[in-house]
Amino acid sequence: MNNKILLLEDDISLVDGLKYSLKRNGFEVDIVRTKKETISLLPKINTYDLLIFDVTLPDGTGFEICEKVRKQGNQIPIIFLTASDEEVNVIRGLDSGGDDYVTKPFKLGELCSRIRALLRRTSVLNQNNHAVIECGDVSIDFLGNRVQLKGRTLDLTSVEYRLICLLIRNANRVTTRNNILNELWDSSGDFVDDNTLSVYVRRLREKIEVDPSHPEHLITIRGFGYQWNEVSV
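The present account deals with the structure reproduced in this document. (Residues numbered from 1 in each chain as written. Predicted model: local features only at pLDDT ≥ 70, side-chain atom pairs only at ≥ 80, totals over all residues. Heavy atoms only, no water.)

Before going further, it helps to examine the overall build of the protein. From N to C terminus, the protein includes 8 helices and 14 strands. Within the protein, the fraction of its 233 residues that count as buried is 48%. By sequence separation, contacts in the protein at least 24 residues apart represent 59% of the contacts at least 6 residues apart. Per element, the accessible surface of the protein, about 11,600 Å² overall, is 46% carbon and sulfur. (Helix = DSSP H or I, 4+ residues; strand = E, 2+ residues; numbered from the N terminus. Buried < 20%, exposed > 50% of the residue type's maximum accessible area, 1.4 Å probe, protein only. Contact = heavy atoms within 4.5 Å. Areas by Shrake-Rupley, 256 points an atom, 1.4 Å probe, with all protein chains shown as cover.)

Written as structure tokens, this is what we have:
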């Protein structure tokens, strides 16, 4: 069965090419062009396997729709199409719950590769999430997609959630930056640079550390990567 994608794009000059390319790559595609039209589909959003949102819309932004999806508790993969890769836009996308972003202009082949990588990661994550892991003062409920710190549920974006899951599965061991990029993004690591990973790490520290400048949980191992330290309750 082909994966079904909802594409939100208001640029008519892009829509036909995107739809044609996605269908040639084996995806089923539904097209919407406004925030209002997309929100009307939220009650049946689970019929899709992945969402692609243009950031700038005639009646709002893709970020706003993403936030509504996440407030429903839905972890469906979301990719943003944006005309800018400035850090402020990357952070805005991460905070709203996005999983990846593609900067215009882009190659259709690259977009399809990112889609397949994101669907693959989501599939693996879903297959492995059948338990609760406790690591010191942090616990992960995989079925509920929920992380608690000292009994308090953390408000994490989709990517932050996957990052903390990866680190805790490798607690007290060094996880290299390359391994993180390979696990969380594409197997080649070509699609996300070190600066973007640093943004994810910084934002996660702000949510889990008492003093993000002197972390206890998420430790940087200079020249190698990161290590999750088990902190007693």
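Tallied over the full model, the rule gives 1 aromatic pair. Relative to Phe80, the ring of Phe63 lies with its centre 4.9 Å away and its plane at 75°, an arrangement referred to as edge-to-face. A residue pair is termed long-range when its members are at least 10 positions apart, and Phe63 in helix α3 (residues 62-71) and Phe80 in strand β6 (residues 78-82) qualify at 17 residues. Of the residues examined, Phe63 reaches a relative accessible area of 7% and is grouped as buried. (Phe/Tyr/Trp six-rings, centres within 6.5 Å; stacked < 30°, edge-to-face > 60°.)

Right, let's get into the pairing of strand β10 (residues 146-149). The alternating pattern of β10 places Val147 and Leu149 on a buried face, while none of Arg146 and Gln148, on the opposite face, is buried. Relative to β10, strand β9 (residues 138-141) runs antiparallel, the two sharing 4 bridges. Residue pairing across strands places Asp141 opposite Arg146, the latter belonging to β10. Hairpin connection of β9 to β10: 4 residues between the antiparallel strands, including Asn145 at a positive phi of 50°. As paired strands, β10 and strand β11 (residues 152-153) are joined by 2 bridges and run antiparallel to one another. Pairing of Leu149 across the sheet is with Arg152, part of β11. If you look at the hairpin formed by β10 and β11, you'll find 2 residues sitting between the two strands, and Lys150 has a positive phi there, around 55°. (Pairing = 2+ DSSP bridges.)

To continue, consider the sheet that holds strand β8 (residues 132-135). Sheet architecture is open: 4 strands sit in the order β8-β9-β10-β11, paired in antiparallel fashion. Both outer strands of the open sheet, β8 and β11, are each paired with one neighbouring strand and no more. Lying on the sheet, helix α6 (residues 158-169) is in contact with β8, β9 and β10; it crosses β9 at an angle near 115°. (Axes fitted to C-alpha atoms, helices over the stretch in contact; angles between N-to-C directions.)

As a further point, take unusual backbone geometry. Residue Pro105 follows Lys104 across a cis peptide bond; omega there is -10°. Residue position: Pro105 is located in the loop between β7 (100-103) and α5 (108-128).

Position of Ser96 among the secondary structure elements: in helix α4 (residues 87-96). The exposure class of Ser96 is buried, given its relative accessible area of 2%. In this structure the side chain of Ser96 is engaged in a polar contact, spanning 2.9 Å, whose partner is the backbone oxygen of Gly93. When neighbours within four sequence positions are excluded, Ser96 is seen to be in contact with Phe63, Cys66, Glu67, Arg70 and Phe80. (Polar contact = N/O pair within 3.5 Å; in protein donor to acceptor, adjacent residues only side chain to side chain.)

A few words now on the pairing of β6. Of all the 5 residues making up β6, 5 are buried; the element is thus mostly covered by neighbouring parts of the structure. Every second residue of β6 is oriented toward a common face, with Ile78, Phe80 and Thr82 on one face and Ile79 and Leu81 on the other, all of them buried. Two strands pair when backbone bridges link them, and strand β3 (residues 50-54) and β6 are joined in this way by 4 bridges, in the parallel orientation. Looking across to β6, one finds that Ile52 is bridged to Ile79.

Remember that the coordinates give geometry; whether it matters functionally is a separate question.
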